[in-house]
Amino acid sequence: GAASVAALTPAAQDDFRAAFAAKGRKPSYIRRVLGTLRAALNRASRRQEIASVPFIEMPKVSGPQRQARKLEPAETARLLEAANAESQRLLLFCLIGLGTLARPDAIYGLGAAQLDFDGRLILLNPPGREQTKKYRPAVPMVATLLPWLRHAVAESTSGSLIEYRGRPVKSLKKAF
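Conventions and cut-offs
Residues numbered from 1 in each chain as written. Predicted model: local features only at pLDDT ≥ 70, side-chain atom pairs only at ≥ 80, totals over all residues. Heavy atoms only, no water. Axes fitted to C-alpha atoms, helices over the stretch in contact; angles between N-to-C directions. Helix = DSSP H or I, 4+ residues; strand = E, 2+ residues; numbered from the N terminus. Parallel < 35°, antiparallel > 145°, perpendicular 65-115°, else oblique. Left-handed = near helix turned anticlockwise from the far one by under 90°. Contact = heavy atoms within 4.5 Å. Nonpolar A, V, L, I, M, F, W, Y, C, P; charged D, E, K, R; others polar. Phe/Tyr/Trp six-rings, centres within 6.5 Å; stacked < 30°, edge-to-face > 60°. Buried < 20%, exposed > 50% of the residue type's maximum accessible area, 1.4 Å probe, protein only. Polar contact = N/O pair within 3.5 Å; in protein donor to acceptor, adjacent residues only side chain to side chain. Core = buried A, V, L, I, M, F, W, Y, C linked by side-chain atoms within 4.5 Å. Pairing = 2+ DSSP bridges.

Draft legend 1. Structural view of the packing of helix α1 (residues 10–22) against helix α2 (residues 27–46). As a packed pair, α1 and α2 sit with axes 10 Å apart at the nearest point and diverge in direction by 140 degrees. Comparing the axis directions of α1 and α2 gives the class oblique. Judged by the sense of rotation from one axis to the other, the crossing of α1 with α2 is right-handed. Together, F16, R17, F20 and A21 of α1 and Y29, I30, V33 and L34 of α2 make up the contact between the two elements. By residue class, the composition of the contact of α1 with α2 is seven nonpolar, no polar and one charged.

Here it is as structure tokens:
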């Protein structure tokens, strides 16, 4: 509305959060709305449309608390058997995931150029890609992966290790 950026005082933000909570809005929704506001203010500041940006206090959102546990060997075996029954792509994806603990996007983007068979390293960050906060390290190539990766490189037509009909795969959600 007609309110200025200066009106975004801590008290006004408290009132906003309380009003949204009174309407039954969840903390995660309130956080998303305030995050959008904060992004818009930061953009306006970068474009020198406003002189300063007030601090936007974000509500705490706690997700479900899960207990971390190890995957048992029998569970790992069942996962790999099921993946193998589905497709070689899914099996390779699972093997690379287990052997590197990489995020799915890093596995989908893994190409032959990122494999150093002589040094037995997997460079999860491709050449030319800037490192981000979600750091992609160089990890050791475990012996179990070695033959699978050699085979994937030999069979690859797109340069990507996880491919379907000669094109890189972007997701295996349906296979899972």
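Draft legend 2. Local environment of the packing of aromatic side chains. In total, this model carries four aromatic pairs according to the counting rule given. Seen in terms of ring centroids, F16 and F20 are 4.4 Å apart; in terms of plane orientation they differ by 35 degrees. Their pairing is tilted. Placement of both F16 and F20 in helix α1 is noted, with a separation of four residues, approximately one turn of the helix. Overall, F20 belongs to the buried group, its relative accessible area being 16%. Relative to Y108, the ring of F93 lies with its centre 5.1 Å away and its plane at 20 degrees, an arrangement referred to as stacked. Taken as a pair, F93 in helix α4 (residues 88–100) and Y108 in helix α5 (residues 104–108) lie far apart in primary sequence, 15 residues in all. Exposure remark for F93: the relative accessible area of 8% places this residue in the buried category.

Draft legend 3. A look at unusual backbone geometry. At Q48, a position not held by glycine, the phi torsion is positive, near 60 degrees. Residue placement: Q48 occurs in the loop between α2 and α3 (73–86). Take Q48: its relative accessible area is 72%, and that puts it in the exposed class. One non-glycine residue, R165, lies in positive phi territory at about 50 degrees. With respect to the helices and strands, R165 occurs in the loop between β4 (163–164) and β5 (167–168). Residue classification places R165 among the exposed residues on the basis of a relative accessible area of 73%.

Draft legend 4. Structural context of the side chain of Q13. By the secondary structure assignment, Q13 is in helix α1. Only 3.0 Å separates the side chain of Q13 from the backbone oxygen of L8, close enough to count as a polar contact. Leave out the neighbours within four places in its chain, and Q13 touches L8, F55, I56 and E57.

Draft legend 5. A look at the nonpolar core. In terms of nonpolar packing, the biggest core is built from 28 residues, with I96, L115, I122, L149, L161, I162 and L172 touching the most fellow members. Of all the secondary-structure elements, those providing two or more residues to this core are α4, α5 and α6 (145–155). Here I122 is in contact with T100, L110, Q114, L115, P137, A138, V139, M141, L145 and L149, once residues within four sequence places are set aside. Among the nonpolar cores identified, the runner-up in size contains six residues, and I30, L34, L41 and I56 belong to it.

Draft legend 6. Spotlight on the sheet that holds strand β2 (residues 121–123). Spatially, β1-β2-β3 is the arrangement adopted by the three strands of the open sheet, whose pairing is antiparallel. Each having just a single partner strand, β1 (115–116) and β3 (138–140) make up the two edges of the open sheet. One ladder, built from two bridges, connects β1 with β2; its direction is antiparallel. Opposite D116, over in β2, you have L121 as the bridge partner.

Draft legend 7. Here's a closer look at the environment of A112. On the secondary structure map, A112 appears in the loop between α5 and β1. A C-alpha to C-alpha distance of 8.6 Å links A112 and L149, two positions 37 residues apart in sequence. Those residues in contact with A112 that sit more than four places away from it in its chain are V153, G159 and L161.

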